[in-house]
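Observations on the model geometry
If you want the building blocks of each chain, they are given just below.
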Amino acid sequence: MTLTGERLVETMTDAERARAERVEAVLPALRAAAASADAAAEFPSPHVALLREAGLLGLVVPERFGGLGGGLRDLAAATYAMGGACPSTALAFFFHNTSASRGLLPLEALDAGLFDADEAPVVRAFAEKVLTRMAGGTWMANFASEEVKSSSANIAIATSARPAGGGWVLEGVKSFGCATGVADAYLVTARLDGTGDADGLALFLVPREADGVRSRDPWNGLGMRASANHGVTLTNVFVPADEALTVPGAFVRMLRMSRGSFVGNQLAISAVYLGAAQAVYDFAVDRLTRGTFADTGRPVASSPMHQVIIGEMAERLETAYLWARRQLELETSEPPLRPRREVYRQWRIGKGDIAEACFQVAVGAFKACGTSAATMDGVIGRGLRDLAMGLVMTFPAERGRLEAAQMITSDRENALFASVSR
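For clarity, every value in this text was computed on a predicted model and none was experimentally measured. (Residues numbered from 1 in each chain as written. Predicted model: local features only at pLDDT ≥ 70, side-chain atom pairs only at ≥ 80, totals over all residues. Heavy atoms only, no water.)

Another aspect to go through is the overall build of the chain. Each helix and strand counted, the chain has twelve helices and eight strands in total. In summary, the chain has a C-alpha radius of gyration of 22 Å against a globular reference of 22 Å for 422 residues, a match within 12%. Among the 422 residues that make up the chain, the fraction classed as buried is 53%. Here the contacts in the chain between residues at least 6 apart in sequence split such that 74% fall between residues at least 24 apart. Total accessible area on the chain is roughly 18100 Å²; 55% of this is exposed by carbon and sulfur atoms. Charged side chains in the chain number 42 positive and 47 negative. The centres of these two groups are separated by 3 Å. (Helix = DSSP H or I, 4+ residues; strand = E, 2+ residues; numbered from the N terminus. Rg over C-alpha atoms; globule rule 2.2 N^0.38 Å. Buried < 20%, exposed > 50% of the residue type's maximum accessible area, 1.4 Å probe, protein only. Contact = heavy atoms within 4.5 Å. Areas by Shrake-Rupley, 256 points an atom, 1.4 Å probe, with all protein chains shown as cover. Lys, Arg positive; Asp, Glu negative; His and termini not counted. Charge placed at Lys NZ, Arg CZ, Asp CG, Glu CD.)

Where helix H3 (residues 72-85) meets helix H8 (residues 267-290), the axes come as close as 7 Å, and the angle between the chain directions of the two elements is 35°. The two elements H3 and H8 meet at a crossing, and its hand is right-handed. The residues of H8 that touch H3, namely those facing Leu72, Leu75, Ala76, Thr79, Tyr80, Gly83 and Gly84, are Leu267, Ala268, Ala271, Val272, Leu274, Gly275, Ala276, Gln278 and Ala279. (Axes fitted to C-alpha atoms, helices over the stretch in contact; angles between N-to-C directions. Left-handed = near helix turned anticlockwise from the far one by under 90°.)

With that out of the way, let us pick up the confidence of the model for the chain. Summarising the model, the chain shows a mean pLDDT of 91, and 93% of its residues fall at 70 or more. Overall, residues 149-154 carries pLDDT values under 50, and its contacts beyond four positions in sequence, including any with other chains, amount to eleven contacts. This stretch, residues 414-422, has a pLDDT under 50; its non-local contacts, to residues over four places away or in other chains, come to zero contacts. (pLDDT = per-residue confidence, 0-100.)

The next thing to look at is the packing of aromatic side chains. Per the counting criterion, the structure on display carries six aromatic pairs. Here the aromatic residues Phe94, Phe95 and Phe176 are joined through ring pairs into a cluster of three or more. Geometry around Phe395 places Arg348 over its ring, the cationic atom sitting 3.9 Å from the centre. When the ring centre of Phe395 is taken as reference, the NZ or CZ atom of Lys351 above it lies at 4.9 Å. (Phe/Tyr/Trp six-rings, centres within 6.5 Å; stacked < 30°, edge-to-face > 60°. Lys NZ or Arg CZ within 6 Å of the ring centre and 35° of its normal.)

What follows concerns the nonpolar core. Membership of the largest hydrophobic core comes to 133 residues, with the highest contact counts inside it found for Leu56, Leu170, Phe204 and Val206. In this view, Phe204 contacts Ala161, Trp168, Leu170, Tyr186, Leu187, Val188, Ala190, Leu192, Val239, Glu243, Ala244 and Thr246; residues no more than four positions away in its chain are not counted. (Core = buried A, V, L, I, M, F, W, Y, C linked by side-chain atoms within 4.5 Å.)

Below, the discussion takes up empty space enclosed by the protein. This model, assessed by the stated rule, comprises three cavities of 30 Å³ or more. Taken as a whole, the largest cavity holds about 60 Å³ of empty space. Contributing to the lining of the largest cavity are Ala34, Asp38, Cys86, Pro87, Ser88, Ala226, Arg382 and Asp386. If you list the elements that add at least two residues to the lining of the largest cavity, you get helix H1 (14-40), helix H4 (87-98) and helix H11 (379-388). Taken as a whole, the second largest cavity encloses approximately 50 Å³ of empty space. In terms of lining residues, the second largest cavity is bounded by Val9, Met12, Glu16, Arg19, Ala20, Val23, Leu59, Arg73, Asp74 and Ala77. For the lining of the second largest cavity, the secondary structure elements donating two or more residues are H1 and H3. It is H1 that provides the largest number of residues to the lining of the second largest cavity, a total of four residues. Looking at the lining of the second largest cavity, its residues break down into six nonpolar, no polar and four charged. (1 Å grid on protein atoms, 1.4 Å probe; cavity = no way out; pocket = protein on both sides within 12 Å on 5 of 7 lines; lining within 4 Å. Points joined across faces, edges and corners; volume = space filled by probe spheres on them. Nonpolar A, V, L, I, M, F, W, Y, C, P; charged D, E, K, R; others polar.)

Considering the arrangement of structural elements, one finds His306 in helix H9 (residues 304-332). The exposure class of His306 is buried, given its relative accessible area of 8%. Those residues in contact with His306 that sit more than four places away from it in its chain are Leu288, Val300, Ala301 and Ala368.

What follows is the structure in structure tokens.
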């Protein structure tokens, strides 16, 4: 039997397939709750226990910490499969797994010798704590995004942390974070008081029920409505010192180990949208081939107009698969196929193209299936709303292309300068 995740990751190892089988087993429950969760705009809380009992909260945690030992290929296959069943759950699951990078990347940085002897024990203890808790079934909500904007960065951090007796006190607002009020703990990125650059960024483990933590009002927006993404307000929240990573420059040093993006697994969020787009495509094609014209008895899909739209949908879907598979290859190949800078540049273009292609699949399905399928609670209506968020998630396609172009031209300028100066 072909597993859903194998539609994206086509050449799984035996170990990857075993992990994908765990994902496959939870899809019926996710699919069954998707419509009602979307209508209520509430995360299906039973899914936490469902994924925990399947061992999936430790999907990308190394086995030595109690996890399943998966990597980016496993995560992409999982979020893709879940995205076709319940995009909201897939998105929240993705952000839970981004927390693992806050354990994995520091350990890689330690192995690379980026921390000195005094710093290493603190960094290692925090990294292993994150990974061990995830493997043990703790759902982590990774809170970085804020409403504050910066012209030079995709995410600006204004949440502050000031020293207090035996720990730190957090103040700020996290405007976006999946599994708000659902996750067991929030992994919060904050800026240490008195610092003004990325070396002052630090990480804090905040229990959901900690004093001073309040969920923001639910956000009635486009996108995955049942992902509980309204974020939190932090007011005078105390975090013990051993629940934080505040080594100066630790955040920057650990991110140097990422191969594709600042959290190291952003491709898996695009896989959510790709899985959702595939589900919309499958629904539309099935509907159009089963439905017939009253006067001829021929399938609706046989009309020239519908043939054109179906062809365009197929082309857009295949475009998204090509970008996703190429990025997955670049970020997981051993040895690396391209320098880190080129992999990052590829992602800046690929993320936007995947998002726009997936959204166009939903637009095509909407056009082809017409008014009878244009319901807010139907597959196509939900798909349009879900896939719209991909256009702006983290950064829009235009920003990614601009940054890629700047990298290309600056590299070229440097090369030209070097050749002239010899």
